[in-house]
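Listed below, chain by chain, are the residues.
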Amino acid sequence: METDPLQTRKHFILGFGALLLSGLALSSTLFAKLVSYLSGDRMSQIDRTLFLKTKLSRMDQTASERKLELERKSSEYIFIAKMSDLLATKGKYFIDYEMRPALAFQSSEDGLPILISAKCTHLGCTVGADLDENSRILCPCHVSYFDIKSGMPHAGSPAKAPLPHIGWVIMDKQSKIVASKHPKREVEIVEKLDMDSLDHYSIYIAKKFASKATGEA
Ligand code: FES
């Protein structure tokens, strides 16, 4: 039987066209998948990097907190500052034995340290380090002012309880205790301090004065 060349050519063109169309469809699908794979992967790489960075910084933070905690568990005294480094109007932050933020000032009256908790007794924010003209520190969260000397919050403040004071000892260059203060008692002077050479003295917090030891909150 003889085949019609015209018919054959027509079938060939139709078949070729179909093949071409399916090829194009396939390659565009592949291309779209490739683009989405590449861009998706790049996104997840950025996400992964961010995730790892956050994780690392959290690990760093946890590690330094753990270090501070261990130091506090194993040490009878923790160095806070040289006496010459304390200021009367701006506190120096430190972490107390209970791992709470605290502030160290120099008393404008006798030049001795004033150590006070910086954890607001309202909802636990960290209070600011600057004293105002009335010798008060401010918790900016809901505006509570605390008197640095008594620790008491001002009238009308959302905080009702005082910021507790923290006991301290002063050591000379030979690590001899020359003065100390229990948080609720008067200063005990063992040896008269040379107030003109404050850089000879260092201030420490003492485990025996920590709130767990003294039964204070
Ligand atoms: S947490 Fe300090 S005033 Fe509320």
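Higher on the page you've got the structure.
What you are looking at is a predicted structure, and each value in this text was computed from that prediction instead of being measured.

Trainee: Whenever I open this one, the overall build of the protein confuses me. Can you help?
Mentor: Looking only at helices and strands, one finds two helices and 10 strands in the protein. Ordered by position in the sequence, the α and β elements of the protein form the string α-β-β-β-β-β-β-β-β-β-β-α. Here the protein holds 217 residues, and 22% of them are scored as buried. Here the contacts in the protein between residues at least 6 apart in sequence split such that 43% fall between residues at least 24 apart.

Trainee: Explain the sheet that holds strand β9 (residues 187-189) to me, please; I cannot follow it from the model alone.
Mentor: Pairing between the strands of a sheet comes from backbone hydrogen bonds, and it takes one of two forms, parallel or antiparallel. Here five strands make up an open sheet; going across it, the order is β1-β10-β7-β8-β9 and the pairing antiparallel. The outermost strands of the open sheet, each flanked by one partner alone, are β1 (77-82) and β9. Across the sheet, the mean angle separating the axes of adjacent strands is 25° when strand polarity is ignored.

Trainee: Explain the sheet that holds strand β4 (residues 113-117) here, please?
Mentor: The antiparallel open sheet is built from three strands, whose spatial order is β2-β3-β4. If you trace the sheet from one side to the other, it starts and ends with β2 (92-95) and β4, each paired once. Mean inter-strand twist for the sheet, computed between neighbouring axes without regard to direction, equals 30°. Sheet topology note: the β2/strand β3 (residues 101-106) ladder contains four bridges and is antiparallel. Among the inter-strand pairings, Ile-95 is bridged to a residue of β3, identified as Pro-101.

Trainee: Is there a simple way to think about the nonpolar core in this case?
Mentor: By size, the foremost hydrophobic cluster in this structure holds 34 residues, and its most contacted members are Ala-104, Leu-115, Ile-116, Trp-168 and Ile-205. Put simply, the parts of the chain that give this core at least two residues each are β3, β4, β5 (136-139), β6 (144-147), β7 (168-171) and β10 (202-206). Look past the residues within four positions of Ile-205 in its chain and what remains in contact with it is Ile-78, Ile-80, Asp-96, Tyr-97, Leu-115, Ile-166, Gly-167 and Trp-168.

Trainee: Sorry, what's going on with the environment of Ala-161 here?
Mentor: Mapped onto the elements, Ala-161 comes out in the loop between β6 and β7. For the pair Ala-161 and Phe-146, spaced 15 residues apart in the sequence, the C-alpha separation amounts to 9.6 Å.

Basis of the calculations
- Per chain, residue numbering runs from 1 following the sequence as it is written.
- At least 70 in pLDDT is required for a residue's local features to be given in this predicted model, at least 80 for side-chain atom pairs to be given and counted, and no such filter applies to totals for whole chains, interfaces and linings, which use all residues.
- Numbering of helices and strands runs from the N terminus, with a helix taken as a DSSP run of H or I at least four residues long and a strand as a DSSP run of E at least two residues long.
- Here a residue counts as buried when 20 or more other C-beta atoms fall within 10 Å of its C-beta, as exposed when 12 or fewer do, and as partly exposed in between; the C-beta atoms come from the backbone.
- By the convention adopted here, residues make contact when the C-beta atoms placed from their backbones lie within 7 Å.
- Note: two strands are recorded as paired if DSSP finds a minimum of 2 bridges between them.
- Orientation is described by lines fitted to C-alpha atoms, with helices fitted over the stretch in contact, and by angles between N-to-C directions that extend from 0 to 180 degrees.
- Core membership is restricted to buried Ala, Val, Leu, Ile, Met, Phe, Trp, Tyr and Cys residues, and these are joined into a nonpolar core through C-beta atoms within 7 Å.

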